[in-house]
Amino acid sequence: MTTPPVSTDNYCYRHPDRQSFVLCQRCGRTICGQCQTPAPVGVHCPECVREARGNAPRIRPQSVTAVRSMVSSGGPVVTYAIIAVTVVIWLAQLFSRGFVTNALLFYTPAALVEPWRIVTALFVHNTSLPSGVLHIGFNMYSLFIFGSILEQQLGRARFAALYFLSGIGGSLAVALLAPGTAVIGASGAIFGLLGAFFVIQRHLGGQSVQILVLVALNLAIGFFVPGIAWQAHVGGVVVGALVALLLMRTRHRSKTPLQAAGLVGAAVVLVAAILLRSASLLGVL
């Protein structure tokens, strides 16, 4: 009496010691229970599963798709990014019990040792309710309106330069006129956008009387309402207007290097002036 030969076709191709009568629906190989992956029809072996996953189209999250679409379509990415960062920092201020505010606000004597405050002050706002909501709400709404327009006209890099140079200009005005005052908020940069919008409209032949009235009214409010750093408003609108004038005078492509040099030079001068003022207050100079 003899024993019939055992067919290897009835054993898992990955585990030869395990008998099975189940076949992979894609490649037809025998697979044991451990190697089986359920499929819409039957089961698949590990190799076929990996191959299918490698060939499957990658699905990006909707948020990533939306950002890519906005970037490719020329949307105001810088404006939206500044708004998003500002709102996130404001929420952090609410729950940090003053730590975030104290770490990021602008205070002239501290600028020499902690120079980041020259820029970070633009992202922090009043957190007292309801005045804090009005503070950040008005600034971000103004940024949304004027930022969207100016970013489309100037381009992302030039708009970013305009915004931050205006904000630094506001800090410089505070350093010169009220060095003992700690300030927060994007108002200096927002007024810079208003000043730039006025200058650009004038150069393009558009109506500029309404924007001039708007700037004048908002500047006047800063002089009469307590708790508002009008110095930052004045510094922001002056620097914003000068930056816009530089951008308009160097619009031609042949003047791009001159434009870049002017923007970099303006940043160096503004920051250096603030640091010198801080040094003089600390008695370093």
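Only a predicted model underlies this, so the values are computations on that prediction, with no experimental measurement involved.

Each value, and the rule that gives it
Residues numbered from 1 in each chain as written. Predicted model: local features only at pLDDT ≥ 70, side-chain atom pairs only at ≥ 80, totals over all residues. Heavy atoms only, no water. Helix = DSSP H or I, 4+ residues; strand = E, 2+ residues; numbered from the N terminus. Buried < 20%, exposed > 50% of the residue type's maximum accessible area, 1.4 Å probe, protein only. Contact = heavy atoms within 4.5 Å. Areas by Shrake-Rupley, 256 points an atom, 1.4 Å probe, with all protein chains shown as cover. Axes fitted to C-alpha atoms, helices over the stretch in contact; angles between N-to-C directions. Parallel < 35°, antiparallel > 145°, perpendicular 65-115°, else oblique. Left-handed = near helix turned anticlockwise from the far one by under 90°. Nonpolar A, V, L, I, M, F, W, Y, C, P; charged D, E, K, R; others polar. Core = buried A, V, L, I, M, F, W, Y, C linked by side-chain atoms within 4.5 Å. Arc of directions from axis to C-beta. pLDDT = per-residue confidence, 0-100. Patch = residues over 30% accessible without salt bridge, like charges linked within 9 Å, V, L, I, M, F, W, Y side chains within 5 Å. Salt bridge = Lys/Arg side-chain N within 4 Å of Asp/Glu carboxyl O.

Engineer: Quick question: what am I supposed to make of the overall build of the chain here?
Structural biologist: Assigned secondary structure in the chain consists of 11 helices and 2 strands. In the chain, the succession of α and β elements from N to C terminus is β-β-α-α-α-α-α-α-α-α-α-α-α. The buried share of the chain, reckoned over its 285 residues, is 40%. Within the chain, contacts between residues separated by at least 24 positions form 62% of all contacts whose residues are at least 6 apart in sequence. For the chain, the exposed area adds up to about 16100 Å²; of that, 65% sits on carbon and sulfur atoms.

Engineer: What's the story with the environment of P46 in this structure? I'm lost.
Structural biologist: Take P46: it is sitting in helix 1 (residues 46-55). For the pair P46 and C35, spaced 11 residues apart in the sequence, the C-alpha separation amounts to 6.3 Å.

Engineer: What is the right way to look at the packing of helix 3 (residues 77-95) against helix 6 (residues 131-154) in this model?
Structural biologist: The description of two helices packed together rests on the angle between their axes and the distance between the axes. At a minimum axis distance of 8 Å, the contact between helix 3 and helix 6 shows a crossing angle of 165 degrees. In terms of orientation, helix 3 and helix 6 fall into the roughly antiparallel class. The chirality of how helix 3 crosses helix 6 is right-handed. On the side of helix 3, the interface is formed by V77, V78, T79, Y80, I82, I83, T86, V87 and W90, while helix 6 contributes G132, V133, I136, M140, L143, F144, G147, S148 and E151. Classifying every residue of the contact of helix 3 with helix 6 by side-chain character gives 12 nonpolar, 5 polar and 1 charged.

Engineer: Even after reading the chapter, I still don't get the nonpolar core, so can you show me in this structure?
Structural biologist: A general tendency of soluble globular proteins is for nonpolar side chains to be buried together. Of all hydrophobic cores here, the largest spans 55 residues; its most connected members are F106, L143, Y163 and L193. Elements with a minimum of two residues in this core: helix 3, helix 4 (99-104), helix 6, helix 7 (156-177), helix 8 (187-204), helix 9 (209-224), helix 10 (230-249) and helix 11 (256-282). Other than its neighbours up to four places away in sequence, Y163 contacts I82, L122, L143, A186, A189, I190 and L193.

Engineer: Explanation requested: helix 1 in the structure shown.
Structural biologist: Of all the positions in helix 1, only P46, C48 and V49 are classed as buried. On an axial view of helix 1, the arc spanned by its buried residues comes to 165 degrees, and they lie on one face. Counted as exposed and oriented over 90 degrees from the buried face of helix 1: R50, G54 and N55.

Engineer: Sorry, what's going on with the confidence of the model for the chain here?
Structural biologist: Caution applies to low-pLDDT regions: their predicted coordinates should not be interpreted in detail. In this model, the chain carries an average pLDDT of 87, and 88% of its residues clear a pLDDT of 70 or more. Looking at the elements of the chain, mean pLDDT is at its lowest for helix 2 (residues 62-72), recorded as 52, and at its highest for helix 7, recorded as 97. Taken together, the stretch residues 1-6 has pLDDT below 50 and engages in 1 contact with residues farther than four places along the chain or on a different chain.

Engineer: What am I meant to see in the side chain of H15 here?
Structural biologist: In this fold, H15 is placed in the segment before strand 1 (37-38). Note on H15: relative accessible area 18%, which makes it buried. The residues touching H15, leaving out its near neighbours within four places in the chain, are C32, Q34 and C35.

Engineer: Can you walk me through a nonpolar patch on the surface in this structure?
Structural biologist: A cluster of nonpolar side chains, V87, L91, L94, F95, L129 and V133, forms an exposed patch at the surface whose accessible area comes to about 580 Å². Take the nonpolar patch: its biggest share by element is 4 residues, from helix 3. Note on placement: L129 falls in the loop between helix 5 (117-120) and helix 6.

Engineer: Any chance you could explain unusual backbone geometry here in plain terms?
Structural biologist: Note on backbone geometry: most residues besides glycine have negative phi, and most peptide bonds are trans. The step from L129 to P130 runs through a cis peptide bond, and the omega angle for that step is 0 degrees. On the secondary structure map, P130 appears in the loop between helix 5 and helix 6. With a phi angle near 55 degrees, R97 is a residue other than glycine that sits in the positive phi range. Examined against the element boundaries, R97 turns out to sit in the loop between helix 3 and helix 4. Since its relative accessible area comes to 83%, R97 is described here as exposed.

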